[in-house]
Amino acid sequence: MSKPPRLTLPSGARAYLLSTARGDFAVHEAGEPVRGTALLVPGFTGSKEDFIGLLEPLAAAGYRVLAVDGRGQHESPGPREESAYALAELAQDVLAQAAAVDGGPVHLVGHSLGGLIARAAVMRDSAPFASLTLMSSGPAAIAEDQQERTKLLVAALEAMREDMPGVWTAMRSFDPEDAVPDSPELAEFLRGRWLATVPEQLISTGRILVSEPDRVDGLSAVELPKLVLSGEVDYAWPVPLMDEMTRRLGAARVIVAGTEHSPNAENPQVTAGALASFWDAHPQG
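Residues numbered from 1 in each chain as written. Predicted model: local features only at pLDDT ≥ 70, side-chain atom pairs only at ≥ 80, totals over all residues. Heavy atoms only, no water.

**Things to note about the pattern of salt bridges**
Here is step 1 of the chain: Throughout the structure, instances matching the rule amount to 25 salt bridges.
Here is step 2 of the chain: The salt bridge involving Glu29 is made with Arg64; its shortest N-O contact spans 2.8 Å. Of this pair, Glu29 sits in strand β2 (residues 23–30) while Arg64 sits in strand β4 (residues 63–68), and the two are 35 residues apart along the sequence.
Here is step 3 of the chain: You can call Arg64 buried: its relative accessible area is 14%.
Here is step 4 of the chain: When the shortest N-O distance is used, the salt bridge between Arg193 and Asp50 registers 2.8 Å. With Arg193 in helix α6 (residues 184–196) and Asp50 in the loop between β3 (36–41) and α1 (52–60), this pair connects stretches of sequence that are 143 residues apart. (Salt bridge = Lys/Arg side-chain N within 4 Å of Asp/Glu carboxyl O. Helix = DSSP H or I, 4+ residues; strand = E, 2+ residues; numbered from the N terminus. Buried < 20%, exposed > 50% of the residue type's maximum accessible area, 1.4 Å probe, protein only.)

Right, dumping it as structure tokens:
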């Protein structure tokens with residue numbers, strides 16, 4: 001899971017509910033649209049806070065940035081129905097979020113699962129978008145070893161969806177013994193985010209991660225500037241797989257040195273610089 005580098009919003013940023021045709025979504029927003037607007041979509045078990053380190057540098061670069069909780073994710077409401085979290089539904093949500101943002105086409109960024117959702121959105125309708133960035137997100141389902149872990153988590157959620165604290169405790173028991181301990185503040189946030197997320201959202205999106213087919217050929221036909229950004233190592237989609245996806249898409253490619261699956265949280269300054277440079281080269285039409 002992504003772990004935010006900080007939990008307090010930078011000066012000038014604000015948290016609110018974005019009203020759309022498909023309901024309200026919790027967002028963090030920063031900056032003015034001097035050079036454009038960007039919409040950031042988080043991954044599995046994640047939230048808008050995963051992008052908190054990007055807000056200040058992207059705002060300073062002249063971009064209005066909105067990081068969003070998807071439906072049923074952290075602080076966005078969502079129903080207790082698995083069908084509400086099908087990929088097509090989540091893609092429609094992203095289109096509604098983009099439509100609710102004033103100022104023309106937006107630069108769309110999807111991290112991990114958010115990348116699969118973002119590409120589904122642009123394949124449905126690319127008109128609301130100025131560019132697409134797939135961040136630590138691959139061409140199809142996650143790697144086989146990660147599929148097994150995710151299937152176990154989904155099965156636990158199916159059996160214990162009314163005991164989210166119990167699932168959380170079981171899930172964290174698999175953390176590596178040599179992992180750096182979370183600060184008390186971060187540990188409290190991560191647990192609270194898990195408990196606030198609708199279990200059916202996690203069940204349905206977990207199934208997406210283990211079953212998504214390769215849609216790269218279809219995405220390559222969408223006429224949008226594309227960037228594939230990742231760390232040097234990735235447990236969900238091996239880096240060579242993302243390199244090959246880049247070639248197939250005819251996309252730009254950035255690897256953030258010293259980072260793994262969450263460059264947005266692990267080195268937000270360099271990640272923000274790469275995003276701003278890409279967006280500067282592809283201004284909103």
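**Side note on unusual backbone geometry**
A negative phi angle characterises most non-glycine residues, just as the trans form characterises most peptide bonds.
Here is step 1 of the chain: Positive phi, close to 60 degrees, is recorded for Thr45, a residue that is not glycine.
Here is step 2 of the chain: Relative to the assigned elements, Thr45 resides in the loop between β3 and α1.

**Remarks on helix α7 (residues 199–211)**
Here is step 1 of the chain: Given a rise of 1.5 Å per residue, 13 residues ought to cover 18 Å, and the 19 Å separating the end C-alpha atoms of α7 matches this to within 8%.
Here is step 2 of the chain: By the criterion of burial, α7 is predominantly enclosed, with 11 of the 13 residues buried.
Here is step 3 of the chain: Residues Pro199, Glu200, Gln201, Leu202, Ile203, Ser204, Thr205, Gly206, Ile208, Leu209 and Val210 constitute the buried set of α7.
Here is step 4 of the chain: The secondary structure elements touched by the buried residues of α7 are α2 (87–100), α3 (113–124), α4 (144–160), α5 (164–172) and α6. (Expected span 1.5 Å × (residues − 1). Contact = heavy atoms within 4.5 Å.)

**Quick look at the packing of aromatic side chains**
Here is step 1 of the chain: Inspection of every chain in the model, using the stated rule, returns 2 aromatic pairs.
Here is step 2 of the chain: For the pair Tyr63 and Trp279, a centre-to-centre distance of 5.0 Å together with 65 degrees between the ring planes defines the contact as edge-to-face. One end of the pair, Tyr63, is in strand β4; the other, Trp279, is in helix α11 (residues 268–281), with 216 residues separating them in the sequence.
Here is step 3 of the chain: We classify Trp279 as buried; its relative accessible area is 0%.
Here is step 4 of the chain: Between Trp168 and Trp194, the ring centres sit 5.8 Å apart and the planes meet at 40 degrees, which makes this aromatic pair tilted. Here Trp194 lies in helix α6 and Trp168 lies in helix α5, a separation of 26 residues in the sequence. Take Trp168 and Trp194: they sit in the same class, and that class is buried.
Here is step 5 of the chain: Above the face of the Tyr16 ring, Arg14 is positioned so that its terminal group lies 4.1 Å from the ring centre. (Phe/Tyr/Trp six-rings, centres within 6.5 Å; stacked < 30°, edge-to-face > 60°. Lys NZ or Arg CZ within 6 Å of the ring centre and 35° of its normal.)

**Concerning the environment of Gln92**
Here is step 1 of the chain: Tracing the backbone shows Gln92 in helix α2.
Here is step 2 of the chain: Assessed through its relative accessible area of 28%, Gln92 is described here as partly exposed.
Here is step 3 of the chain: Linking Gln92 and Val228, residues 136 residues apart in sequence, is a C-alpha distance of 22 Å.
Here is step 4 of the chain: Those residues in contact with Gln92 that lie beyond four places of it in its chain are Arg22 and Arg124.

**Looking at the side chain of Ser230**
Here is step 1 of the chain: Mapping Ser230 onto the fold places it in strand β7 (residues 226–231).
Here is step 2 of the chain: Leave out the neighbours within four places in its chain, and Ser230 touches Ser136, Val239, Met242, Arg253, Val254, Ile255, Val256, Thr259 and Pro263.

**Remarks on the nonpolar core**
Generally speaking, soluble globular proteins have nonpolar side chains that are buried together.
Here is step 1 of the chain: Core analysis: the largest hydrophobic core is formed by 59 residues, its most contacted members being Val94, Leu108, Phe129, Leu157, Trp194 and Leu249.
Here is step 2 of the chain: Among the nonpolar cores identified, the runner-up in size contains 23 residues, and Ala13, Phe51, Met135 and Ala274 belong to it. (Core = buried A, V, L, I, M, F, W, Y, C linked by side-chain atoms within 4.5 Å.)

**Details of the pairing of β2**
Strand residues, when the strand is regular, have side chains that alternate between the two faces of the sheet.
Here is step 1 of the chain: Within β2, 6 of the 8 residues are buried, which leaves it mostly tucked inside the rest of the structure.
Here is step 2 of the chain: For strand β1 (residues 14–20) and β2, the ladder comprises 7 bridges, and the chain directions are antiparallel. Residue Ser19 lies in a different strand from β2, and its bridge partner there is Asp24.
Here is step 3 of the chain: Counting the residues that bridge the hairpin from β1 to β2 gives 2 residues.
Here is step 4 of the chain: When β2 meets β4, the two strands line up antiparallel, connected through 4 bridges. (Pairing = 2+ DSSP bridges.)

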